[in-house]
Amino acid sequence: MFPVLARLGAMSQQTPNAGSTSALPPVGLTPAKRVRVQHLLAAKEQGERLTMLTAYDAPTARIFDAAGIDMLLVGDSMGDNMLGHENTLPVTMDELIPAVRAVSRATKRAMVVADLPFGSYEASPQQALASAVRMLKEGGAQAVKFEGGVRVAEHVRLLSGAGIPVVGHLGFTPQSENILGGKRVQGRGDEAAERLCEDALALQDAGAIAVVLEMVPAPVAARASEILAIPTIGIGAGPSCDGQVLVWLDMAGMGGWSPRFAKQFAQIGAELERAASAYASEVRAGTFPSREHAYWD
Ligand code: KIV
């Protein structure tokens, strides 16, 4: 049996929510019950789809947690989405940790997953362990994620053995965009698809709790989801994954470029611009602050 499944064996046999049909903790319960590794595995077993969004600060994390998003990823996508970088490569541990801490503080139910940024884990399993420990100790995360398959399997094994849940990341891996030749679909063709499945199995065998599949043809993601006992979480990988993840700014229509696979469920950017210009108009006209927005004694 695969390590994470063996370790959780007895737990994953039980229904985590006695009396509930869901494998996952209820939304809105006070005090909230945290989504944990055994819930992810039970969700996969019961065919219940998992939800994940990125979050980089406390206010958005609080909203997504209240909305019942199961996992919040403090992604290195903070680089291009929040810090104004061209891509994820410049993001550092010291930039990500305060964001992880803010998201952890604001979250009661969702599992908080911290990305390990480029340069913080590739050199050795020991480097990965040191970075992951910081994410849990200083950031308060419950799991970490990093990119790669067979080449990082030993890293995953060491962290899992040390009690740190690891989410893998295969397909288009943004930290390798220079060697992949840009943002391109990965796993096309029989050989590449086979390699991706081997990478996924190597991560599972090393103890990963889930695998993100990014920009992978839907049939390849479906095959990987079928052969794995741990959940796959897709982003541009079609409908057959066990869960889905999106960068929240793409999902909420915050403006700027967003990939074809990212559906916009709202137009928050346009609404925010409307609010800011209404505020500016009222300040200029002298109608804000009005009587009720001031202290008179
Ligand atoms: O950093 C990130 O947001 C990610 C997602 C795209 C999965 O890795």
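Note that the coordinates shown come from a computational prediction; the quantities given were computed from them, not determined experimentally.

### Points about the overall build of the protein
Then comes step 1: When helices and strands are counted, the protein shows 13 helices and eight strands.
Then comes step 2: For the protein, the C-alpha radius of gyration of 20 Å lies close to 19 Å, the compact-globule estimate for 297 residues.
Then comes step 3: A principal-axis box enclosing the C-alpha atoms of the protein has dimensions of 70 × 50 × 35 Å.
Then comes step 4: Out of the 297 residues belonging to the protein, those deemed buried represent 52%.

### Concerning the pairing of strand E4 (residues 143–147)
Then comes step 1: Across the five residues of E4, five count as buried, placing the element largely inside the fold.
Then comes step 2: Where burial is concerned, the two faces of E4 agree: the one with Ala143, Lys145 and Glu147 and the one with Val144 and Phe146 are both buried.
Then comes step 3: After leaving strand E3 (residues 111–115), the chain enters helix H7 (residues 125–137) and then returns to the sheet as E4, a path that is right-handed.
Then comes step 4: Relative to strand E5 (residues 166–171), E4 runs parallel, the two sharing four bridges. Among the inter-strand pairings, Glu147 is bridged to a residue of E5, identified as His169.
Then comes step 5: A crossover links E4 with its parallel partner E5, the connecting element being helix H8 (residues 153–161), and its sense is right-handed.

### Describing the domain arrangement of the protein
Then comes step 1: Considered domain by domain, the protein is made up of domain 1 (3–266) and domain 2 (269–297).
Then comes step 2: Centre-to-centre separation of domain 1 and domain 2, based on C-alpha positions: 40 Å.

### Here we look at the site of the ligand
Then comes step 1: The immediate surroundings of the ligand are formed by Thr54, Leu73, Gly75, Asp76, Ser77, Asp115, Lys145, His169, Val212, Glu214, Ile235 and Val247.
Then comes step 2: Asp76 is positioned with one of its side-chain polar atoms (N or O) 3.0 Å from an oxygen atom of the ligand.
Then comes step 3: One of the side-chain N or O atoms of Lys145 is found 2.9 Å from an oxygen atom in the ligand.
Then comes step 4: Here the ligand has 260 Å² of accessible area as a free molecule, and 96% of this is covered by the chains.

The rules we used
- Residues numbered from 1 in each chain as written.
- Predicted model: local features only at pLDDT ≥ 70, side-chain atom pairs only at ≥ 80, totals over all residues.
- Heavy atoms only, no water.
- Helix = DSSP H or I, 4+ residues; strand = E, 2+ residues; numbered from the N terminus.
- Rg over C-alpha atoms; globule rule 2.2 N^0.38 Å.
- Buried < 20%, exposed > 50% of the residue type's maximum accessible area, 1.4 Å probe, protein only.
- Right-handed = clockwise from strand over helix to strand, strands pointing away.
- Pairing = 2+ DSSP bridges.
- Domains from an automatic or database assignment.
- Near = heavy atom within 4 Å.
- Polar contact = N/O pair within 3.5 Å; in protein donor to acceptor, adjacent residues only side chain to side chain.
- Areas by Shrake-Rupley, 256 points an atom, 1.4 Å probe, with all protein chains shown as cover.

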